[in-house]
Amino acid sequence: MDPVTLDARNLLCPMPVIRMQDTVRKLQPGDVIKVVCTDPGVLHDIPAWCRVHGHEVCDIDEQEYEITITVRVGPGSQTGA
Amino acid sequence: MSKQPKAVALISGGLDSLLAARVVMEQGVHVEGINFFTGFCVEGHTHALRKKDRQRPKRNNALWSAEQLGIKLHIVDIIEEYKDVVINPKHGYGSNLNPCLDCKIFMVNKAREWIDANGFDFIITGEVVGQRPMSQRKDTLPVVARDSGAGDRLVRPLCARNLPPTLPEIEGWLDRGRLYGFNGRSRKPQMALARQFGFEDYAQPAGGCCFLTDKQYAVKLADLWNTRGKRDYDFDDIMLLKVGRHLRPGTNFKLIVGREEGENRFLEGYRKRFINIIPTSHTGPLALIDGDPDADDIELAARLTARFSQGRDAGRVTVAVKQLDGMTQTLDVIPMPSDEIPEDWYV
Ligand code: SF4
């Protein structure tokens with residue numbers, strides 16, 4: 001399956017994390033999601049969120065104003081909200 | 001109950017909620033964290049927008065707490081629903097525009113809905129009797145339990161021994177003897193417990209957990225309500241209150257001026273929604289006009305924008321004014337000298 005792309009540009013943290021969480025909930029373990037962001041806060045927050053939920057950060061591409069983070073959904077089940 | 005009991009802990013990112021969750025985990029309960037994003041949370045926002053913050057990017061303390069505890073953290077967007085709490089708090093405001101008691105009731109109620117939907121057994125908060133003047137008094141803690149509908153499924157492990165036994169204690173899921181009886185404003189017992197658990201480098205917010213406790217921010221929000229003639233806001237409004245200099249020369253409009261590159265870039269995202277000004281003859285900030293200005297107001301806004309540009313000492317500065325219909329007008333203005341800007345224009 002092609003990676004799902006999520007546009008989180010111009011959103012400030014923690015909104016990109018929330019959008020990502022809501023998208024990941026609809027995905028299956030092993031699916032890949034690419035999140036495009038502009039708030040450099042995501043460099044910290046998305047990997048931290050992935051660590052607590054058991055998802056794998058595959059790549060972080062940091063351009064001058066845009067950051068794309070690629071994540072592979074982990075095996076754990078997603079509880080509720 | 002033969003299965004492992006499950007609890008959700010409200011994680012704010014502060015020390016008390018971290019400790020409360022840990023105390024319950026010590027007793028073999030499965031704990032997951034929940035963090036509510038109201039739009040006013042100090043966490044996250046404007047984070048790394050400004051250069052000085054970019055150099056030392058801040059962590060999200062709620063996520064940091066979850067990592068320390070080794071638990072999942074569910075971050076829930078409550079921006080829309082929370083509006084009613086801020087605009088119409090039944091129990092009033094604290095020292096600024098912080099509706100702490102209504103806020104607590106609202107969040108615990110949301111957590112109650114969450115445990116019902118996810119098959120969890122109870123809710124944990126880090127509240128301590130007497131810790132905060134409004135929401136954590138001996139007489140208000142029961143109000144939170146009652147009005148949220150959580151009742152005896154709400155456990156405050158740090159002060160449980162000062163309160164009637166809760167369902168998890170009655171059912172034997174939690175040993176009351178291993179919960180705590182903290183009370184009052186002292187932070188010493190929490191700091192000692194943190195040492196015992198080996199927590200270091202935890203966040204210690206000075207005021208509260210959100211911008212509504214911040215005097216400056218509350219003044220800006222009150223200004224927004226007063227000048228619009230109604231107590232309402234949308235997400236963009238509350239984001240913009242955190243960014244840039246805000247100058248209000250008249251009740252019909254205010255100017256939001258980016259203070260540096262990061263803020264200018266953020267404000268760029270709002271150019272379609274607001275009349276905006278950008279100097280073209282000199283390097284300078286992007287400024288948004290919020291309100292309903294006439295031609296003279298726009299000229300004044302242009303002079304103010306020029307004042308914050310590199311051309312502040314030049315005779316004239318050229319600016320481009322982009323209207324809402326997309327038309328761009330060029331103005332050649334004299335930058336307003338700083339000593340002519342009345343103090344009370346700064347919101
Ligand atoms: S400080 Fe803000 S988030 Fe914390 S209880 Fe008060 S209103 Fe709610």
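The paragraphs below set out a description of the structure included in this document. Given the structure is predicted, the values throughout are model-derived calculations rather than measurements.

About the cut-offs
Residues numbered from 1 in each chain as written. Chains lettered and ligands numbered in written order. Predicted model: local features only at pLDDT ≥ 70, side-chain atom pairs only at ≥ 80, totals over all residues. Heavy atoms only, no water. Salt bridge = Lys/Arg side-chain N within 4 Å of Asp/Glu carboxyl O. Buried < 20%, exposed > 50% of the residue type's maximum accessible area, 1.4 Å probe, protein only. Helix = DSSP H or I, 4+ residues; strand = E, 2+ residues; numbered from the N terminus. Pairing = 2+ DSSP bridges. Contact = heavy atoms within 4.5 Å. Axes fitted to C-alpha atoms, helices over the stretch in contact; angles between N-to-C directions.

## Let's talk about the pattern of salt bridges
So, step 1. By the definition in use, this model includes 29 salt bridges over all chains.
So, step 2. Residue A:Asp7 is joined to A:Arg9 by a salt bridge in which the shortest nitrogen-to-oxygen separation is 2.9 Å.
So, step 3. Taking the relative accessible area as the measure of exposure, A:Asp7 reaches 46% and is therefore partly exposed.
So, step 4. When the shortest N-O distance is used, the salt bridge between B:Glu67 and A:Arg51 registers 2.5 Å. Here A:Arg51 lies in helix α2 (residues 42–53) and B:Glu67 lies in helix α3 (residues 61–69), a pairing that spans two chains.
So, step 5. On the basis of relative accessibility, which here comes to 29%, the residue B:Glu67 falls in the partly exposed class.

## Some details on the sheet that holds strand β5 (residues 154–155) of chain B
Residues and elements named next belong to chain B.
So, step 1. Taken in spatial order, the five strands of this open sheet run β3-β2-β1-β4-β5, and their pairing is parallel. Each of the sheet's edge strands pairs with one partner strand only, and the pair in question is β3 (73–77) and β5.
So, step 2. Where strand β1 (residues 6–10) lies against strand β4 (residues 122–124), three bridges are found, and the strand directions are parallel. The residue bridging Ala-9 from the neighbouring strand is Ile-124, located in β4.
So, step 3. Where helix α1 (residues 15–25) meets the sheet, its contacts fall on β1, β2 (30–37) and β4, and the angle it forms with β4 comes to roughly 135 degrees.

## A closer look at the environment of B:Ala20
So, step 1. Structurally, the position occupied by B:Ala20 is in helix α1.
So, step 2. Placed 135 residues apart in sequence, B:Ala20 and B:Val155 show a C-alpha to C-alpha distance of 9.1 Å.

## Quick look at the environment of B:Ile79
Residues and elements named next belong to chain B.
So, step 1. With respect to the element layout, Ile-79 can be found in helix α4 (residues 79–87).
So, step 2. Residue Ile-79 is classed as buried on the basis of its relative accessible area, which comes to 7%.
So, step 3. For the pair formed by Ile-79 and Asp-234, sequence separation is 155 residues and the distance between their alpha carbons is 8.8 Å.

## Focus on the sheet that holds strand β11 (residues 328–333) of chain B
Strand pairing in a sheet relies on backbone hydrogen bonds, with the paired strands running either antiparallel or parallel.
All names here are of chain B.
So, step 1. Spatially, the six strands line up as an open sheet ordered β6-β7-β9-β8-β10-β11, and their pairing is antiparallel. At either end of the open sheet lies a strand with only one pairing partner, and these are β6 (245–250) and β11. Going from strand to strand, the sheet's axes swing by 25 degrees on average, the running direction of each strand aside.
So, step 2. Direction of pairing for strand β8 (residues 275–279) relative to strand β9 (residues 287–291): antiparallel, over a ladder of three bridges. Residue pairing in the sheet places Ile-277 in a bridge with Ala-287 of β9.

## Some details on unusual backbone geometry
So, step 1. The linkage connecting A:Cys13 with the following residue, A:Pro14, adopts the cis geometry, with an omega of 5 degrees.
So, step 2. As for its placement among the helices and strands, A:Pro14 is situated in the loop between β1 (4–8) and α1 (15–24).
So, step 3. Positive phi, close to 65 degrees, is recorded for A:Asn10, a residue that is not glycine.
So, step 4. Its place among the elements puts A:Asn10 in the loop between β1 and α1.
So, step 5. Looking at A:Asn10, the relative accessible area reads 30%, which means it is partly exposed.
So, step 6. Located in the positive-phi region is B:Asp201, a residue other than glycine, with phi close to 65 degrees.
So, step 7. With respect to the secondary-structure elements, B:Asp201 resides in the loop between α8 (188–197) and α9 (215–228).

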